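Here's the letter readout for the chains.
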Amino acid sequence: MTADPRTRVRSLDDPQLFVETPATIYDAVPPYPPSTEREAEFYTLRDGEMLINLGPQHPSTHGVLRVVLKIDGERVVDLDPVLGYLHRGVEKICENSDWHMVVSHCDPLEYIAAMFSELVPVMAAEQLLDVTVPRRAEYIRVLACELNRIASHALFIGWLALDLGGLTPILYGFIERDEIVEMLAALTGQRLLFNYMRIGGVNGDLNHEFMSRLGDWMGHAARHVNDSQTLINENEIFVKRTRGLGRIDRETALRMCLTGPPLRATGVPYDVRRAHPYGVYPELEFEIPVREEGDSYARYMLHLDEIRQSIHIIDQVLHQMPDGPVTAKLPRLLRPRPGRAFAAIESPRGQYAVYAMSDGSDQPFRLRIHDPSYFNLQSVGLLTPGHLIADTMAIMASLDPIMGGVDK
Amino acid sequence: MLTRSWSRLTLAGKVVLPLVAVLGGLTALLMLGVVLGIVQPITAFLVETLSLNGGLVRFVVAALAVLLFAIPTAFIIGFLELKVIAFMNLRLGPNRVGPWGALSAAFHGFKILAKEDFTPTGADVPVFTLAPVIVFLAPVLGFLVLPFAPGLFGQDMNLAVLYFFAMSGLGVVGLIMAGWSSFNKYSLLGALRAAAQIISYEIPLTLSVVGVIMLAGTLSLNGIVLQQAGSFLDWFAFRQPLGFVIFFIAATAEGNRTPFDLSEADSEIVAGYATEYSGMRFGFFYFAEYVNVFLLSALTVVLFLGGWLAPFDLGGVLHQIGVAFDPRLDPGSLGIGLLIGLLVVPLLIIIGLAVPFWLAKPGLAFWKALIIGFLLFNVLAAGAVLLWAVASFEVVQGLLWFMAKTYAFVVILVWMRATLPRVRIDQLMGFAWKWLIPAALLNLFVTALAVVVVDAVTR
């Protein structure tokens, strides 16, 4: 290492070679000496190995994930994920804002399915306040969440195909998502970050435009997802590239705290909607799709099954929807009782939970957010070594991380 | 504005733009010369007085023509790719520049000329600069031996097939140079992938053609086309079905097209060997890719689908249905009638076409109806001229068939790009060595056996 690491940087492979490039945060080798044993081991290269930066700006890292790959030819020997490029300190921001503002701060965490990340803190606050949410509001929440789940899964299918080199399914997925997002925009006024959930209910009742769009959509629900399914389900190249890839067994998946599709693809029927029911889910009839293989293909097929179940749930919700108010009567300044509350829901990516502590003031004392993307993503280190570079993308895409939630 | 535009051009642009202008001017002059009939005497004069080799003159003219042909071809295929993939993705695609966005690919090309030409620190500058030129020139040189139509080819080499594969092998050198000199690991990975892939797939590509060569008994592409004369069942695609399939798959891999576009896989290694390139140098890679697509489709057509041969006799059909034009008609014999005809008949047709629009749509100004009539007349006239040319000249008909078949294959390649995901590098290599090469060898063996047996029986 030279005396001033800001102006000169060690070349990526050869410590003797110097390049006249200013040091940036994007260099594969950190500009400081290794701080842990693992880091020292990772950044020591054996013969024929090299380090390569995947991200934070890379076409297929889904946001700003950065992974330093140690490769031997095309084979990935080891990898070191570097997180935090999207860190905003949401938990700390929430501690300094009152309970109503928490909703909009938590909104962008899971930005592909924002309904879920705003529903959880709301549920935690409701537990602390001992509020009973009106029945109609509960049904509307389920309706909005399941619609958002389909929108998220439609994008997942497209992304997986795009990372494997298929151009078309992503656009079919976006058509599906756009129809749903337009529908939700009619309901909430926003296309991406809805800010729709309120403590004690939802922001507004179902309106005519939403219902007419929903009716149109239900007539051909998930048509474009089915289109892309015919395009890639039986596609020889797709199947050969995903089947048996990134296989994880049941015990390891449980030990690594995987939830959602990656866990259910290993054969564990864990779904928060059934395991720890919330809202009106106990009254609805739906199955929890499970696959045994635990590989990328199983995770992909599982998403398709879940889309079908979500459509089934939406159908039931529309038939059972009661009349009534959509918000509970609450004071404008909320002061929950001192205490702790834990709320968990099943987001498209797994168990999304919030552990909230209140000291009796109008602000949360502590708000711990458990994001499933983070726990699913950590299995990349276990799944990827030994595979090829191209498989890294297929594995990461099939785990479907959202970096907003991972970096918080 | 001109000076400002000029000062915004990069060095490469300042070199290329005058070159394009000069070449365009020369083409215009050449066309004018052809029309006025002065080219033939000049060529004859050059050949006689300077005792120049006729073949050399032909080669220079052909090289110039091929260069001029390559650029519009790249634009057309680029536009096709944008539009066809958009159609398959349920998008609109380009629709702003020109009718149906037809000029957008060309405008991309001109935009790229004005972009910054960036050389990364640590790059091996001479190699980095030379690489795109080699990558672009390799497919363009392949055009020289391609028979577009009877009598319309650059050079009728008796080793054309070998020359062709040599040229497509040259392209790999450029890719490796680009990947190595960029000082970027993604580029290096892309270059190594390209090298492994193209060298592996060159073997089945060549082996699948050997069967055709055995049947045709010649290495000349012209000769191979002429060997397929007859009905369309005489095309080599029907006599060598396995060879045809192997050739098309291997050609897809050779041209770095989906599902074998590993060397520029954007979701894995960013842009492969082209990662560090920008401006016109990047444009050269793009041009090379599209020219390659055309070239490989054209070679498939020439080797297996009869080249410029018609599946049925279009000229004969036209004569049959009465659309017969006599190319030997002497316009001079019409005398003053020609002048009157040229002045009056188009006018009458234009007015005749305009009147129905004017009557059908109240409020439409007559001059607007006249414009519509004029455009319609142009379309009709162009169609009539084309029909006349097809009926009268074998070259035009051959060119038409050749282009139709070639662009059908181009569209198939684009279709595959819109539909298929990408294979993995080990699957790619395994496919070449475990399936394609044994199949190609089997095809070769069966063909050789059949040729020997048929020879023995017929002797």
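About the criteria used
- Residues numbered from 1 in each chain as written.
- Chains lettered and ligands numbered in written order.
- Predicted model: local features only at pLDDT ≥ 70, side-chain atom pairs only at ≥ 80, totals over all residues.
- Helix = DSSP H or I, 4+ residues; strand = E, 2+ residues; numbered from the N terminus.
- Rg over C-alpha atoms; globule rule 2.2 N^0.38 Å.
- Buried ≥ 20, exposed ≤ 12 C-beta atoms within 10 Å, placed from the backbone.
- Contact = placed C-beta atoms within 7 Å.
- Axes fitted to C-alpha atoms, helices over the stretch in contact; angles between N-to-C directions.
- Parallel < 35°, antiparallel > 145°, perpendicular 65-115°, else oblique.
- Left-handed = near helix turned anticlockwise from the far one by under 90°.
- Nonpolar A, V, L, I, M, F, W, Y, C, P; charged D, E, K, R; others polar.
- Pairing = 2+ DSSP bridges.
- Domains from an automatic or database assignment.
- pLDDT = per-residue confidence, 0-100.
- Core = buried A, V, L, I, M, F, W, Y, C linked by C-beta atoms within 7 Å.
- Expected span 1.5 Å × (residues − 1).

Peer 1: Outline the overall build of chain A, listing residues and values.
Peer 2: Of the regular secondary structure elements, chain A holds 17 helices and 10 strands. Relative to its length of 408 residues, chain A is compact, with a C-alpha radius of gyration of 23 Å against a globular reference of 22 Å. Its C-alpha atoms give chain A principal-axis dimensions of roughly 75 × 55 × 35 Å. Across the 408 residues in chain A, those meeting the buried criterion constitute 48%. Considering only contacts in chain A between residues 6 or more positions apart, those separated by 24 or more positions represent 67%.

Peer 1: Talk me through the overall build of chain B; I want residue IDs and the actual numbers.
Peer 2: When you go through chain B residue by residue, the secondary structure sums to 18 helices and 0 strands. Counting only C-alpha atoms, chain B reaches 75 × 70 × 60 Å along its principal axes. Burial analysis of chain B (459 residues in total) assigns 36% to the buried set.

Peer 1: Can you break down the packing of helix H13 (residues 279-304) of chain B against helix H17 (residues 394-419) of chain B residue by residue, with the values?
Peer 2: Residues and elements named next belong to chain B. Between H13 and H17, whose axes approach to 8 Å, the crossing angle comes to 120 degrees. With respect to H17, the element H13 is oriented oblique. Taken as a pair, H13 and H17 cross one another with a handedness that is right-handed. Taken together, the residues of H17 that come into contact with H13 (itself represented by Val293, Phe294, Ser297, Ala298, Thr300 and Val301) are Phe402, Lys405, Thr406, Phe409, Val410 and Leu413. In terms of residue class, the contact of H13 with H17 is made up of 8 nonpolar, 3 polar and 1 charged.

Peer 1: Tell me what's going on with the sheet that holds strand E8 (residues 339-347) of chain A, and back it up with residues and numbers.
Peer 2: Residue and element names in this part refer to chain A. Strand order across the open sheet formed by 3 strands is E8-E9-E10, with antiparallel pairing between neighbours. Two strands in the sheet have a free side with no partner beyond their single neighbour: E8 and strand E10 (364-370). The average undirected angle you get between the axes of adjacent strands in this sheet is 15 degrees. Of the pairings in the sheet, the one linking strand E9 (residues 350-358) to E10 comprises 6 bridges and is antiparallel in character.

Peer 1: Which residues make up the interface of chain A and chain B, and what values do they have?
Peer 2: It is common to give the size of an interface as the accessible area that goes away when the parts come together. On the chain B side, the residues contacting the 30 residues of chain A number 26 residues. Those elements that place two or more of their residues in the side of chain A that touches chain B are strand E3 (49-54), helix H5 (135-163), helix H6 (168-188), helix H9 (236-242) and helix H16 (389-399) of chain A. Looking at the side of chain A that touches chain B, its residues break down into 17 nonpolar, 7 polar and 6 charged.

Peer 1: Give me the pairing of E9(A): which residues, what numbers.
Peer 2: All names here are of chain A. Within E9, 7 of the 9 residues are buried, which leaves it mostly tucked inside the rest of the structure. Note that E8 and E9 share 9 bridges and pair antiparallel. Bridge pairing links Ala343 to Val354 in E9. Counted between consecutive antiparallel strands, the loop separating E8 from E9 contains 2 residues. Linkage of E9 to E10, two consecutive antiparallel strands, is achieved through a turn of 5 residues, within which Gly360 is found at a positive phi near 90 degrees.

Peer 1: Hey, could you go over the sheet that holds E3(A) for me, with residue numbers and the actual values?
Peer 2: Residues and elements named next belong to chain A. Here we have 3 strands laid out as an open sheet, ordered E3-E4-E5, and antiparallel in their pairing. Of all the strands in the sheet, just E3 and strand E5 (75-82) have a single pairing partner and so form its edges. Along the sheet, successive strands turn relative to each other by an average axial angle of 20 degrees, direction set aside. Bridge count for E3 against strand E4 (residues 66-72) is 6 bridges, and the pairing is antiparallel. The residue of E4 that forms the bridge with Glu49 is Asp72.

Peer 1: Report on the domain arrangement of chain A, specifying residues and quantitative values.
Peer 2: All names here are of chain A. Split into domains, chain A comes out as domain 1 (9-82) and domain 2 (90-407). Secondary structure elements with two or more residues in the side of domain 1 that touches domain 2: E4 and E5. In terms of residue count, E5 provides more of the side of domain 1 that touches domain 2 than any other element does, 6 residues in total. A class-by-class count of the residues in the side of domain 1 that touches domain 2 yields 8 nonpolar, 3 polar and 3 charged.

Peer 1: Just give me the short version of the confidence of the model for chain A, but keep the residues and values in it.
Peer 2: Confidence along chain A averages 86 in pLDDT terms, with 92% of residues attaining 70 or more. Long-range and interchain partners of residues 5-11 of chain A, a stretch whose pLDDT sits below 50, account for 18 contacts in this model, where long-range means more than four residues apart.

Peer 1: So what's going on with the nonpolar core? Residues and values would help.
Peer 2: If you look at soluble globular proteins, the nonpolar side chains tend to sit buried side by side. By size, the foremost hydrophobic cluster in this structure holds 210 residues, and its most contacted members are Val120(A) and Val135(B). The dominant element in this core, judged by the number of residues it contributes, is H5(A), at 18 residues. Val120(A) has contacts with Ala343(A), Ile345(A), Tyr352(A), Ala353(A) and Val354(A), leaving out every residue within four places of it along the chain.

Peer 1: An account of unusual backbone geometry is needed here, citing residue identities and associated values.
Peer 2: Among all residues save glycine, negative phi is the norm, and among peptide bonds the norm is trans. Residues and elements named next belong to chain B. Phi is positive for Leu90, which is not a glycine, with a value near 60 degrees. Here Leu90 shows up in the loop between helix H4 (54-88) and helix H5 (104-113). Phi is positive for Phe183, which is not a glycine, with a value near 60 degrees. Note that Phe183 resides in the loop between helix H7 (160-181) and helix H8 (185-216).

Peer 1: Any chance you could break down the environment of Glu39(A) for me, citing the residues and the numbers?
Peer 2: Residues and elements named next belong to chain A. Within the fold, Glu39 resides in helix H1 (residues 37-42). With 14 C-beta atoms packed within 10 Å, Glu39 lands in the partly exposed category. Each C-alpha atom, one on Glu39 and one on Gly158, is 35 Å from the other, the two residues being 119 residues apart in sequence.

Peer 1: Provide a residue-level description of H7(B), including the pertinent values.
Peer 2: Owing to its 3.6 residues per turn, the α-helix aligns residues three or four sequence positions apart on the same side. Here H7(B) spans 32 Å end to end across 22 residues, near enough to the 32 Å set by a 1.5 Å rise per residue. Phe183(B) lies just past H7(B) and shows a positive phi near 60 degrees.

Peer 1: Would you mind going over the environment of Glu176(A) in detail, with residue names and values included?
Peer 2: Residues and elements named next belong to chain A. Mapped onto the fold, Glu176 is located in helix H6. A residue is classified by how many C-beta atoms lie within 10 Å of it, and Glu176, with 28 of them, is buried. In this structure the C-alpha to C-alpha distance between Glu176 and Asp227, which are 51 residues apart in sequence, comes to 11 Å. Aside from chain neighbours lying at most four places away, what touches Glu176 is Ala154, Ala222, His224 and Val225.

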